[in-house]
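# Close look at the chain arrangement
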Amino acid sequence: MNAARPAARPAIVTRVLEQPWLWAYLGALLVWLATITFTQGQGAGEVISAALAFGTFSVIVGIGQMYVITLGPGNVDLSIPATMTFAGAVSMKIMGTQDAMIPLGFLIAIGCGASVGVFNYGLIRLLRIPPIIATLSSSFLFQSAAIAYGRGIKIKPPPILADFATARIAGLPILALVTILFAALMAVVLHRTVYGRSVVAVGQNPRAAHFSGISVDFIRFVTYVLSATLAGICGYFLSGFSGGASLNMGAEFLLASIAVVVIGGTSVAGGYANVSGLWGAALFMFLLVTMLNTFGLGAGVRLVMTGVIIIAVITVAGGKSANS
Amino acid sequence: MPEILVRLDGVEKRFGAVQALLDVELTFSRGECLGLVGHNGAGKSTLMNVLAGTVSPDNGRINIGADDLTRGYDVTVAHRRGIRCVFQELSLCPNLTVAENARVLHPALKGFGWRRRAGELIIGKLDEVFPGHGVRAGDVVGDLSIARRQMVEIARAFSVTDVAADLVILDEPTSSLDSVVAAQLLAFVRRYVGSGGSCVLISHLLGEILSTADRIAVMVDGKVVDVRAATDHSRDSLVATMGSVAKDERQANGAATESKRVDNALKVRARPAGQTLGPELLVHRGEIVGLAGLAGHGQTEMLGHIYANRGRAPAGMQIDGPVTLVAGDRQTDGIFPLWSIARNITVCSMREMLRYLLVQSQSEKTMAEDWRQRIGIRTPDMNNNILSLSGGNQQKALFARALGAEADIVLMDDPMRGVDVGTKQEVYAIIREEAARGRCFIWYTTEMDELFHCDHVYVFRNREIVADLARHEMTEEKVLHSSFEAAA
């Protein structure tokens, strides 16, 4: 929306080229093509379906992380993995594999997440702890709480929840379709509502936001609660998807939540966010690992390649936004 | 014939669709202060950026002494050849101390004890230019008032270690300074020029230019249209060359203002935090109230105090109605740098544009277009980034933001900094019009002329209100007298 800059190219070409989400989708497409070229077309559809299924969880937490990062320099939520584990463990244990408890369990997961968010912002605002330290330290607390509560056993989900989390329509995961709609909704919230505009304004210039009548503290508070709540919801569905809440289920989502935000074209410095890029980035990240697996590379090479390729994508995509 | 330090020859620069500089020829000589005047967007700042090496021209040559330095000319070269610049947007690092900021410009300050030497250098220069400045070498720049930051920035530009400061560019140096400090600076400029230095002075205050400059160059639409000795100019001839007509704004209208107090409702009643006795700030419906006094004596804090307590009624205060603020320090308090002009204007009015919880783009567009015409924002497209505007036009956008909001009480924090004469007249007219419709304005200004637009003036000294002057009893002498009483 604010990408309009003077240029000599035709307007439509310029607009498309300037969309920061373009690179994430382009990367995902290239990686997918490389994979199916290698397998000579085998499993092309299955790979996409799997990417959607696994990408869903990165996108859910990525949306929350994106809102937080957009609040401006220094804002990040590192408590996402612990919140997922905590909300997953508590809700699974309370539901105790009974299908009738599913709605209650969902509310409990939301409640767990929201409480973590309130606690996080309490540390940030009242004790004036920088967000990176506040959310990191609270993640130790909630991870320990989950361990104490769940006693280290994998707690199984109710069967209907497990079925829903893994169900597919025409090969496409239902949860992914729901999440696509949710992402679209959150894009509208970001660009068209007073709350979304306020988040972006605070991220660009908090003093100017204050003098424009925006309650900066309230916006930050809501955003941290939103991020933690989405992490709680993600923990709930991930428990259903992977057959139960385990204590390290959130681990990979610390980096994943930040990576999808950055690769998706959101500004790390805040004040500019992009929801559509999250999906492109989540697909890209999953497909990248799949491609390296397909090529039969060892774990070490795979990690190195993942790092290098992510750096490359950010360099190409970030180079354009750097001079805006 | 004085020795020519720098010669610009046929310099041109284009930003997208905007021709910022067109075939500019200008010389800068030793022992001379060159005044540079023109409207906002006339190209003064761009030209100075070219001279300082921060913008490279599309065409033209830059000669320093006898050397053609056009190729590869940049900040480092300019600095090595003794060209220094004090820009309109301050360039100090807010997180560093005054001494550390001095070191940034002077790499020669190194080795053991550099901090002490840097401190001595900068404080020595401050003492020389601004006696009684009250800045310490260990102060963190971000904690200083904008006036003191400007003083440090100026002193830093004139300070010398291994490289001489031959040509110093002052871009609107007095816009955040009060009249006493501004006079100190201008006197220093004369001494500096007298000792063989060269200086470029950009200012919208034509009196300053006429009294300080030896030669005056006038810019219009990216061209230098006139270069003459300052003695050949009067205020009127300068304004005529710039292409606008100055009106005499000081006509008395005292009778009309008294009735505003009697008939209209009280909107704001407040005292500076910490003051318990003495005059209170009172603002009635439709009134324009000025906050005067030396810069940094609590006027900005007063506005912040009122803004922070809007919608509440703390003991001893009354704020009746929604409040909005026009920032003077654009970069830190005003603009959203990643947003378009339109969105920067509509940000205060989002809530009035909602339909089904969504901000309506059509309403935004309409509001932006209305204000583009009403306040004359010079841009081909309101969807362009806010930073594509010149400083004065950015300020107009901030006015549009505040005046477009549904707020009865408008606070203005010295908002005319770096705004040209013509624009000022337009904005004054809008303020009077809005006041006539019942809005009230609380206007902190560092320019004496602007106080004559106010119905009532409160003079601040040491964070307290020390005088309360109605329009008909206000004179420049009274304001100055109140500002200095304790110091005298």
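Residues numbered from 1 in each chain as written. Chains lettered and ligands numbered in written order. Predicted model: local features only at pLDDT ≥ 70, side-chain atom pairs only at ≥ 80, totals over all residues. Heavy atoms only, no water.

### Digging into the overall build of chain A
Put simply, the rule is: Here a helix means four or more residues in a row that DSSP labels H or I, a strand means two or more in a row labelled E, and each is numbered from the N terminus. Radius of gyration: C-alpha atoms only; globule rule: 2.2 Å multiplied by the number of residues to the exponent 0.38. Here the term buried applies to any residue with accessible area under 20% of the maximum for its type, exposed to any over 50%, and partly exposed to those in between, with areas from a 1.4 Å probe on protein chains only. Each accessible area value is a Shrake-Rupley result obtained with a 1.4 Å probe; residue values ignore everything except the protein chains displayed when judging cover. Residues scored as charged are limited to Lys and Arg (positive) and Asp and Glu (negative), so that His and the chain ends carry no count. A charged residue contributes its charge at one atom only: NZ of Lys, CZ of Arg, CG of Asp or CD of Glu.
Helix and strand counts for chain A come out as 14 helices and 2 strands. Here the C-alpha radius of gyration of chain A, 20 Å, is about what a compact globule of 324 residues would show, namely 20 Å. Reported as C-alpha extents along the three principal axes, the dimensions of chain A are approximately 65 × 60 × 35 Å. Out of the 324 residues in chain A, the part that is buried amounts to 52%. Approximately 13,800 Å² of chain A is accessible, and the part contributed by carbon and sulfur atoms is 73%. Looking at chain A, you have 16 positive and 7 negative side-chain charges, and the mean spots of the two groups are 10 Å apart.

### So, the overall build of chain B
A count of helical and extended segments in chain B gives 17 helices and 21 strands. Taken over the C-alpha trace, chain B has a radius of gyration of 23 Å; the compact-globule value for 488 residues is 23 Å, and the two agree within 12%. Once the C-alpha set of chain B is aligned to its principal axes, its extents read approximately 70 × 55 × 45 Å. Split into buried and exposed, the 488 residues of chain B put 56% on the buried side. Summing over all exposed atoms, chain B offers an accessible surface of approximately 19,900 Å²; the carbon and sulfur share of this is 51%. Taking the 55 positively charged and 62 negatively charged side chains of chain B as two groups, their mean positions are separated by 4 Å.

### A few points about the interface of chain B and chain A
Heads up, the rule is: Throughout, a residue-residue contact means that at least one pair of heavy atoms, one from each residue, lies within 4.5 Å. Buried area: the sum, over both parts, of the accessible surface (1.4 Å probe) that disappears when the two are put together. Each reported salt bridge corresponds to a side-chain nitrogen of Lys or Arg within 4 Å of a carboxyl oxygen of Asp or Glu. N or O atoms within 3.5 Å of each other form a polar contact, as long as, within protein, one can give a hydrogen and the other can take it, and as long as residues adjacent in sequence are counted only when both atoms are side-chain atoms.
Opposite the 27 residues of chain B that make contact, chain A presents 24 residues. Across the chain B to chain A interface the summed buried area is about 2,400 Å²; carbon plus sulfur atoms make up 56%. Put simply, A:Arg207 and B:Asp333 hold a salt bridge, and the shortest N to O gap is 2.5 Å. In this structure, the connection of chain B to chain A is made through 12 residue pairs in polar contact (both at pLDDT 80 or more). For the side of chain B that touches chain A, the secondary structure elements donating two or more residues are helix 11 (330-334), strand 17 (358-359) and helix 13 (361-375) of chain B.

### A look at a nonpolar patch on the surface
Definition in use: Residues enter a patch when their relative accessible area is above 30% and they make no salt bridge; the linking distance is 9 Å between like charges and 5 Å between nonpolar side chains (Val, Leu, Ile, Met, Phe, Trp, Tyr).
Where nonpolar side chains cluster on the molecular surface, the patch consists of A:Ile12, A:Val13, A:Val16 and A:Leu17 and spans about 310 Å² of accessible area. As for its placement among the helices and strands, A:Val13 is situated in helix 1 (residues 11-18).

### Quick look at the packing of helix 3 (residues 98-105) of chain B against helix 5 (residues 146-158) of chain B
All names here are of chain B. Selection criterion: Between the N-to-C directions of two axes lies an angle of 0 to 180 degrees, each axis being a line fitted to C-alpha atoms and, for a helix, fitted only over the stretch in contact. Handedness of each helix crossing follows the sense of rotation of the near helix against the far helix: counterclockwise by less than a right angle gives left-handed, clockwise gives right-handed. Charged means Asp, Glu, Lys or Arg here, nonpolar means Ala, Val, Leu, Ile, Met, Phe, Trp, Tyr, Cys or Pro, and polar covers whatever is left, Gly included.
Where helix 3 contacts helix 5, the two axes come as close as 10 Å, and the packing angle between them is 40°. Like other packed secondary-structure pairs, helix 3 and helix 5 cross with a definite hand, here right-handed. The segment helix 3 lies against helix 5, with Val98, Asn101, Ala102, Val104 and Leu105 engaging Val152, Arg156 and Ala157. Looking at the contact of helix 3 with helix 5, its residues break down into 6 nonpolar, 1 polar and 1 charged.

### A look at the sheet that holds strand 14 (residues 318-319) of chain B
Residues and elements named next belong to chain B. Formally: Should DSSP find at least two bridges between two strands, the strands are taken to pair.
Pairing is antiparallel in the open sheet, where 3 strands are placed in the order 12-11-14. Edge strands, defined here as strands with exactly one partner in the open sheet, are strand 12 (281-284) and strand 14. Inspection of the sheet shows strand 11 (residues 266-270) paired to strand 14 by 2 bridges, in the antiparallel sense. If you follow valine 268 over to strand 14, its bridge partner there is isoleucine 319. Sheet strands touched by helix 10 (residues 299-308): strand 11, strand 12 and strand 14. Its angle to strand 11, the strand with the most contacts, is close to 120°.

### Let's talk about the sheet that holds strand 19 (residues 440-444) of chain B
Residue and element names in this part refer to chain B. Within the open sheet, the 6 strands sit side by side as 15-18-19-13-20-21. Their pairing is mixed. The sheet is open, and its two borders are formed by strand 15 (323-326) and strand 21 (464-470), each paired with just one other strand. With direction set aside, neighbouring strand axes in the sheet form an average angle of 20°. Of the pairings in the sheet, the one linking strand 13 (residues 288-293) to strand 19 comprises 4 bridges and is parallel in character. Within the sheet, the bridge partner assigned to leucine 291 lies in strand 19 and is tyrosine 444. Across the sheet, helix 14 (residues 391-404) is in contact with strand 15, strand 18 (409-413) and strand 19; its angle to strand 15 comes to roughly 175°. Lying on the sheet, helix 15 (residues 421-436) is in contact with strand 13, strand 18 and strand 19; it crosses strand 19 at an angle near 145°.

### Remarks on the packing of helix 3 (residues 44-70) of chain A against helix 11 (residues 216-241) of chain A
Residue and element names in this part refer to chain A. Counted only if it meets this: An angle below 35 degrees is treated as roughly parallel, one above 145 as roughly antiparallel, one from 65 to 115 as roughly perpendicular, and anything else as oblique.
The N-to-C vectors of helix 3 and helix 11 enclose an angle of 170°; their axes lie 7 Å apart at closest approach. Between helix 3 and helix 11, the crossing angle belongs to the class labelled roughly antiparallel. Residues Ala53, Phe54, Phe57, Ile60, Val61, Ile63, Gly64, Gln65, Tyr67 and Val68 of helix 3 form the contact with helix 11, whose own contacting residues are Thr223, Tyr224, Leu226, Ser227, Leu230, Ala231, Cys234, Phe237, Leu238 and Phe241. Looking at the contact of helix 3 with helix 11 residue by residue, the classes come out as 16 nonpolar, 4 polar and no charged.

### Considering the pairing of strand 19 of chain B
The element strand 19 of chain B is largely enclosed, with a buried count of 5 among its 5 residues. Side chains of strand 19 of chain B alternate between two faces, with B:Cys440, B:Ile442 and B:Tyr444 and B:Phe441 and B:Trp443 buried alike.

### Looking at the state of the cysteines
Residues and elements named next belong to chain B. What counts, and what does not: In what follows, a disulfide is any cysteine sulfur pair within 2.5 Å.
Considering all chains together, one arrives at 0 disulfides over all chains under this definition. Its sulfur unpaired, cysteine 33 is 4.8 Å from the next cysteine sulfur, which belongs to cysteine 199. Free of any disulfide, cysteine 348 has its nearest neighbouring cysteine sulfur in cysteine 440, separated by 16 Å. A relative accessible area of 15% places cysteine 348 in the buried class.

### So, the packing of aromatic side chains
Our working definition: Each Phe, Tyr or Trp ring, with Trp reduced to its six-membered ring, pairs with another whose centre is within 6.5 Å; inter-plane angles below 30 degrees give stacked pairs, above 60 give edge-to-face pairs, and intermediate values give tilted ones. In this scheme, the term charge over a ring applies when either NZ of a lysine or CZ of an arginine sits within 6 Å of the ring centre and within 35 degrees of the ring normal.
Within this structure, the stated rule accounts for 19 aromatic pairs over all chains. Considering the side-chain rings of A:Phe54 and A:Phe286, the 5.3 Å spacing of their centres and the 10° angle between planes classify their relative orientation as stacked. Of this pair, A:Phe54 sits in helix 3 while A:Phe286 sits in helix 13 (residues 276-294), and the two are 232 residues apart along the sequence. A relative accessible area of 23% places A:Phe286 in the partly exposed class. Here the basic side chain of A:Lys93 rests over the ring of A:Tyr149, its NZ or CZ set 4.8 Å away from the ring centre. The ring of B:Tyr307 carries B:Arg310 above its face, with NZ or CZ at 4.1 Å from the centroid.

### Comments concerning the pairing of strand 3 (residues 32-38) of chain B
Residue and element names in this part refer to chain B. The buried fraction of strand 3 amounts to 7 of the 7 residues, a majority that puts the element mostly inside the structure. Burial along strand 3 is two-sided: the face carrying Glu32, Leu34, Leu36 and Gly38 and the face carrying Cys33, Gly35 and Val37 are both buried. Sheet topology note: the strand 3/strand 8 (residues 198-202) ladder contains 5 bridges and is parallel. By the bridge assignment for strand 8, glycine 35 is matched with leucine 201. The pairing of strand 3 with strand 9 (residues 215-220) spans 5 bridges and is classified as parallel. Considered in strand 9, the bridge of leucine 34 is made with arginine 215.

### Description of helix 13 of chain A
Residue and element names in this part refer to chain A. Selection criterion: In this scheme, a helix's expected span is set at 1.5 Å multiplied by one less than its residue total.
Between the first and last C-alpha of helix 13 there are 27 Å, a value that for 19 residues agrees with the 27 Å anticipated at 1.5 Å per step. Within helix 13, 14 of the 19 residues are buried, leaving the element largely enclosed by the surrounding structure. Glycine 296 sits one or two residues past helix 13 and shows a positive phi near 75°.

### Digging into helix 9 (residues 194-204) of chain A
Most of helix 9 of chain A sits out of view: 11 of its 11 residues are buried. Listing the buried residues of helix 9 of chain A in full gives A:Val194, A:Tyr195, A:Gly196, A:Arg197, A:Ser198, A:Val199, A:Val200, A:Ala201, A:Val202, A:Gly203 and A:Gln204.

### Looking at empty space enclosed by the protein
Defined as follows: Using protein atoms alone on a 1 Å grid, points that fit a 1.4 Å probe yet trap it form a cavity, whereas open point sets bounded by protein on both sides within 12 Å along at least five of seven lines form a pocket; residues with an atom within 4 Å of a point count as lining. Grid points are joined across faces, edges and corners, and a volume is the space filled by probe spheres set on the points.
Tallied over the entire structure, the rule returns 1 cavity of 30 Å³ or more. In this structure, the largest cavity encloses a volume near 50 Å³. Taken together, A:Ala208, A:Phe211, A:Ser212, B:Leu325, B:Val326, B:Ala327, B:Asp333, B:Gly334, B:Leu398 and B:Arg401 make up the lining of the largest cavity. Among the secondary structure elements, those contributing two or more residues to the lining of the largest cavity are helix 10 (206-211) of chain A together with strand 15, helix 11 and helix 14 of chain B. The residue makeup of the lining of the largest cavity, split by class, is 6 nonpolar, 2 polar and 2 charged.

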